[in-house]
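Remarks on the overall topology
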Amino acid sequence: MPIYEILSADMQRIRGRAPTSFKQQVEDADRRLNLLFDHLNNGDLLKPNTVSDMADLARAIQARDYEAARAIHVDILTNRTDECGQWMVSYQINCRVYRLSPSNRMNRLV
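The rules we used
- Residues numbered from 1 in each chain as written.
- Predicted model: local features only at pLDDT ≥ 70, side-chain atom pairs only at ≥ 80, totals over all residues.
- Heavy atoms only, no water.
- Helix = DSSP H or I, 4+ residues; strand = E, 2+ residues; numbered from the N terminus.
- Areas by Shrake-Rupley, 256 points an atom, 1.4 Å probe, with all protein chains shown as cover.
- Expected span 1.5 Å × (residues − 1).
- Buried < 20%, exposed > 50% of the residue type's maximum accessible area, 1.4 Å probe, protein only.
- Contact = heavy atoms within 4.5 Å.
- pLDDT = per-residue confidence, 0-100.
- Salt bridge = Lys/Arg side-chain N within 4 Å of Asp/Glu carboxyl O.
- Phe/Tyr/Trp six-rings, centres within 6.5 Å; stacked < 30°, edge-to-face > 60°.
- Polar contact = N/O pair within 3.5 Å; in protein donor to acceptor, adjacent residues only side chain to side chain.

1. A closer look at the overall build of the chain
Secondary structure assignment for the chain yields seven helices and zero strands. Going from N to C terminus, the chain has its helices and strands arranged as α-α-α-α-α-α-α. A total accessible area of about 6,500 Å² is found for the chain, and carbon and sulfur atoms account for 53% of it.

Structure, rendered in structure tokens:
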């Protein structure tokens with residue numbers, strides 16, 4: 001499933017870039033992301049249109065189109081709160097860690 005593959009790879013990338021001071025947030029995001037994967041595997045909580053939007057969100061992250069990913073995230077969070085659960089926070093944590101990562105700031109300067 002592309003959602004799993006893309007978001008797992010992104011989590012690995014974040015884990016590799018995050019400063020040690022973010023270790024707890026990264027571990028928390030990883031646990032929450034695994035909750036999403038459990039829901040996807042079990043076919044519960046998420047309706048088909050939300051799964052489709054999550055695939056779009058994953059592809060936007062893979063393309064580094066963070067504005068599109070944020071828009072999809074906000075739409076899901078705002079309009080389908082009953083499907084969000086604990087897993088949705090992992091996206092927010094990952095974005096925060098990525099933005100604050102020293103290597104990310106350095107890459108934007110190069």
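2. Notes on helix 3 (residues 48-62)
For helix 3, with 15 residues, the first-to-last C-alpha span of 21 Å sits near the 21 Å given by 1.5 Å per residue. All buried positions along helix 3 are accounted for by Thr50, Asp53, Met54, Ala55, Leu57, Ala58, Ala60 and Ile61. Where helix 3 terminates, the next one or two residues include Arg64, which has phi positive at roughly 65 degrees.

3. Some remarks on the environment of Ala60
Mapped onto the elements of the fold, Ala60 is located in helix 3. Separated by 12 residues in sequence, Ala60 and Ile72 have C-alpha atoms that sit 9.1 Å apart. Residues in contact with Ala60, not counting those within four places in the same chain, are Asp65, Ala68 and Ala69.

4. Considerations on the confidence of the model for the chain
Predicted confidence across the chain gives a mean pLDDT of 83, with 86% of residues reaching 70 or more. Between the elements of the chain, mean pLDDT differs from a low of 45, seen in helix 7 (residues 102-109), to a high of 92, seen in helix 3. Here residues 105-110 is a poorly scored stretch, pLDDT under 50, and it has four contacts once near neighbours within four places are set aside; other chains count.

5. Digging into the pattern of salt bridges
On inspection of all chains with the given rule, the structure shows 10 salt bridges. The residue Asp28 makes a salt bridge to Arg31 at a minimum N-O spacing of 3.7 Å. Here Asp28 pairs with Arg31, and both are found in helix 2 (residues 23-42), just three residues apart, close to one helical turn. Three or more residues joined by partner-sharing salt bridges are found here, namely Asp28, Arg31 and Arg32.

6. Thoughts on the packing of aromatic side chains
A full pass over the atoms with the stated rule returns one aromatic pair. Ring centres of Tyr4 and Phe37 lie 4.7 Å apart, and the angle between their planes is 70 degrees; on these two criteria the pair is classed as edge-to-face. Of this pair, Tyr4 sits in helix 1 (residues 2-17) while Phe37 sits in helix 2, and the two are 33 residues apart along the sequence. The exposure class of Tyr4 is partly exposed, given its relative accessible area of 45%. Residue Phe37 is classed as buried on the basis of its relative accessible area, which comes to 7%.

7. Structural notes on the environment of Thr78
Structurally, Thr78 is set in helix 4 (residues 66-79). Classification of Thr78 by relative accessible area gives exposed; the value is 55%. A polar contact of 2.7 Å, which involves the side chain of Thr78, links it to the backbone oxygen of Val74.

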